[in-house]
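# Inside the fold
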Amino acid sequence: MLKGSCLHPFLAARSLASFLSRGTVRRSRALLPLRAAFGAMAAKTPNGLANGHLPPRHNGGPCLARDAPRKNGFVAKGQSKENGVANGAVYKRPFNESFEQAPMYVAVFTFVGFGVGTLFGYLRDFLRACGLQKCVGTIEREEQKDFVPLYQDFENFYTRNLYMRIRDNWNRPICSVPGPKFDLMERVSDDYNWTFRFTGRTIKNVINMGSYNYLGFAEIEPNAIKNVKKELDKYGTGTCSTRQEMGNLDKHVELEKMVAQFLGVEASLTFGMGFATNAMNIPALVGKGCLILSDELNHSSLILGARLSGATIRVFKHNNIQSLEKLLKDAVIHGQPRSRRAWKKILILVEGIYSMEGSIVRLPEIVALKRKYKAYLYLDEAHSIGAIGPTGKGVVEYFGMDPNDVDVLMGTFTKSFGAVGGYIAGKKELVDYLRVHSHSAVYGASMSPPVAEQIIRVMKSLMGLDGTTQGLQRVRQLSENTRYFRRRLHELGFIIYGNEDSPVVPLLLYIPGKIGAFARRLLAKNIGVVVVGFPATPITESRARFCVSAAHTREILDTVLNALDEMGDFLQLKYSRHSRSSRPELYDETSFELED
């Protein structure tokens, strides 16, 4: 342990050697109880808390949750909110997010649309039951009629009667690199999207507004990927083993050192799958007797990991500091249910950029809260690493904070790095512990060597170790494209969610019938978008999600914006009550070009 630093609850009880010598130990005994951690850290903190007692609240303290907006996510009278205006010295830069509320008639028509769809769904089910309409869905075999149903009929109602009507907008087969433009294999359906057949035709040069290729490193330019090809010739495509057996290559060691150097932390551990990085590592860090405080809009990998851990889970409102502090205060005062014992650990789970809302975590306030209540912070930077921050180091750099303020840094390589896999980074003791106790590290096959080389290539470019400034230029280009695209959409009259610096741009469609029409008509104009509806979003907030890339030129973005302007008028999607810009010439500046 480092002197003068807060004790890390995941590793303070035993050293790694003790773990190995004593064999398998219960998680709850292998990790230091929260009460002991509180006592050790409160001795170094004047306003710390110990034994469940809260210190008196001082005006102007580190946590300014009382200044946060009272109603999170919605603003009356169609006005957008600007978070950070009332946050004083907590934020070192403006923090502007918009969550404009739609007019009331939009919500009414949205519910009516789902109601009509549900009624027709029951009618179609009745016709199928009577044999008047062919049933092509999943049904039980005749010889299994006396069994407990394997497929719950009611659970499939939405999929069978609503999702199938617009199923053609998902799972489209791409047959090229997912760059700023890609090629699609054309397919058609003869039975209302229950099955598809390919026509043999390829739709060329479709503008890609859906892939997470934020920095444009998903590319096939020969000079860019020559080292990746070299590693492919040397190592082949796979390792056919886990890291603890025969799958620990020198390329993995090099990658982990590079990740730690890039993030500015002591050590890192990489995994072959981003989803499993969350799902399999959270159970190794917390267990029974621990408390997880999770943002209500966290990714399903975080939710799965929290459930698998066996810890108690409590959910706070999205990015709402008041809600989080209330849960923290209740946890410290009341302890565990029934026994009233102190929680062994309290772990806060948040994301850097929320992929459905486009919002950025209020990290400075959350760090202030976790210090005040001696909790621990797990930050998922899947969408933010590489995409924001002056040099692409994610939300920690975006707010100008110390990486050591976050106990567990997690991220993926599937987005900005144009590869696959994920990482956990932080203190060396944390990484050493996970190397032995993480199911993903112990049982999962290690990362493919050419993929590891791709990630190393991108990180070297971002840090300038390749002798060029191309990485920094791409980060700046992404920031320019993001702000330009968001400004134009806002001025065109669309309701968009999220932070002004977030490359994830949700455009609200609301009414379910417009989901399919929006995506199909844009594809007819050679623009590929991702549309999302219930249950992935609230029932009244169906949306299209645009992902801006550094590889998008100003010409590409203007083509998309012109098509959206036309589509907004045709489908009546311009719900925003803000006035249109009277100075369109503001957006006529020249394009920001990449330089080697």
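None of the values given here were measured: they were computed from a predicted structure. (Residues numbered from 1 in each chain as written. Predicted model: local features only at pLDDT ≥ 70, side-chain atom pairs only at ≥ 80, totals over all residues. Heavy atoms only, no water.)

A few words now on the overall build of the protein. When helices and strands are tallied, the protein shows 18 helices and 15 strands. Looking at the protein as a whole, 51% of its 596 residues are labelled buried. Pairs at least 24 residues apart make up 70% of the contacts formed inside the protein by residues separated by at least 6 positions. Entry remark: accessible area of the protein is about 27,700 Å², with carbon and sulfur atoms responsible for 55%. (Helix = DSSP H or I, 4+ residues; strand = E, 2+ residues; numbered from the N terminus. Buried < 20%, exposed > 50% of the residue type's maximum accessible area, 1.4 Å probe, protein only. Contact = heavy atoms within 4.5 Å. Areas by Shrake-Rupley, 256 points an atom, 1.4 Å probe, with all protein chains shown as cover.)

Another point: the environment of Phe275. Of note, Phe275 is situated in helix 8 (residues 274-285). Aside from chain neighbours lying at most four places away, what touches Phe275 is His299, Ser300, Ser301 and Leu304.

Moving on to unusual backbone geometry. Even without glycine at this site, Asn193 takes up a positive phi of about 75 degrees. The residue Asn193 is located in the loop between strand 2 (181-188) and strand 3 (197-208) in this model. According to the relative accessible area criterion, Asn193 is buried, its value standing at 9%. One non-glycine residue, Cys240, lies in positive phi territory at about 60 degrees. By secondary structure assignment, the location of Cys240 is in the loop between helix 6 (226-235) and helix 7 (250-263). Judged by its relative accessible area of 81%, Cys240 falls in the exposed class.

Here we come to the environment of Leu379. Tracing the sequence through the fold places Leu379 in strand 8 (residues 376-380). Note on Leu379: relative accessible area 0%, which makes it buried. Between the C-alpha atoms of Leu379 and Val395, which are 16 residues apart in sequence, the distance is 9.4 Å. If we skip the residues at most four places from it in the chain, Leu379 touches Val350, Glu351, Gly352, Val361, Leu363, Val395, Val396, Val406, Val408, Leu409 and Met410.

Bringing the pattern of salt bridges into the picture now. Summed over all chains, the structure comprises 28 salt bridges. Residue Asp168 pairs with Arg520 through a salt bridge whose shortest N-O separation is 2.8 Å. One end of the pair, Asp168, is in the loop between helix 5 (157-161) and strand 2; the other, Arg520, is in helix 17 (residues 513-524), and 352 residues separate them in sequence. The partner of Asp432 in a salt bridge is Lys428, and the shortest N-O contact between them spans 2.7 Å. (Salt bridge = Lys/Arg side-chain N within 4 Å of Asp/Glu carboxyl O.)

Mean pLDDT over the protein: 82, with 79% of residues reaching 70 or higher. Below pLDDT 50 for its whole length, residues 1-88 participates in 166 contacts with residues either more than four positions away or in separate chains. Note on residues 579-596: pLDDT is under 50 here. Beyond four places in sequence and across chains, it has 31 contacts. (pLDDT = per-residue confidence, 0-100.)

On to the sheet that holds strand 10 (residues 422-426). With respect to topology, seven strands assemble into an open sheet ordered 4-10-9-8-7-5-6, the strand pairing being mixed. If you trace the sheet from one side to the other, it starts and ends with strand 4 (267-271) and strand 6 (312-316), each paired once. When strand polarity is set aside, the average angle formed by the axes of neighbouring strands in this sheet is 20 degrees. Sheet topology places strand 5 (residues 291-295) next to strand 6; five bridges connect them, and they run parallel. (Pairing = 2+ DSSP bridges. Axes fitted to C-alpha atoms, helices over the stretch in contact; angles between N-to-C directions.)

This next bit is on the packing of aromatic side chains. One pass over the structure, following the stated rule, counts 13 aromatic pairs. Considering the side-chain rings of Phe262 and Phe417, the 6.5 Å spacing of their centres and the 80 degrees angle between planes classify their relative orientation as edge-to-face. Here Phe262 is found in helix 7, whereas its partner Phe417 is found in the loop between strand 9 (408-412) and strand 10, with 155 residues between them in sequence. For the pair Phe262 and Phe417, a shared accessibility class is recorded, and that class is buried. Here the aromatic cluster, defined as three or more aromatic residues joined through ring pairs, consists of Phe262, Phe413, Phe417 and Tyr423. The lysine or arginine in question, Arg187, covers the ring of Phe196, its NZ or CZ lying 4.1 Å from the ring centre. (Phe/Tyr/Trp six-rings, centres within 6.5 Å; stacked < 30°, edge-to-face > 60°. Lys NZ or Arg CZ within 6 Å of the ring centre and 35° of its normal.)

This paragraph deals with the side chain of Asp405. In this structure, Asp405 sits in the loop between helix 12 (395-398) and strand 9. Residue classification places Asp405 among the buried positions, given a relative accessible area of 13%. Filtering out sequence-adjacent residues up to four positions away, Asp405 remains in contact with Val367, Lys370 and Arg371.

With that settled, consider the packing of helix 10 (residues 321-334) against helix 11 (residues 363-372). At a minimum axis separation of 11 Å, helix 10 and helix 11 run at an interaxial angle of 10 degrees. In terms of orientation, helix 10 lies roughly parallel with respect to helix 11. Side by side, helix 10 and helix 11 meet where Ile321, Leu324, Glu325 and Leu328 of the first sit next to Glu365, Ile366, Leu369 and Lys372 of the second. Per-class residue counts for the contact of helix 10 with helix 11 are five nonpolar, no polar and three charged. (Parallel < 35°, antiparallel > 145°, perpendicular 65-115°, else oblique. Nonpolar A, V, L, I, M, F, W, Y, C, P; charged D, E, K, R; others polar.)

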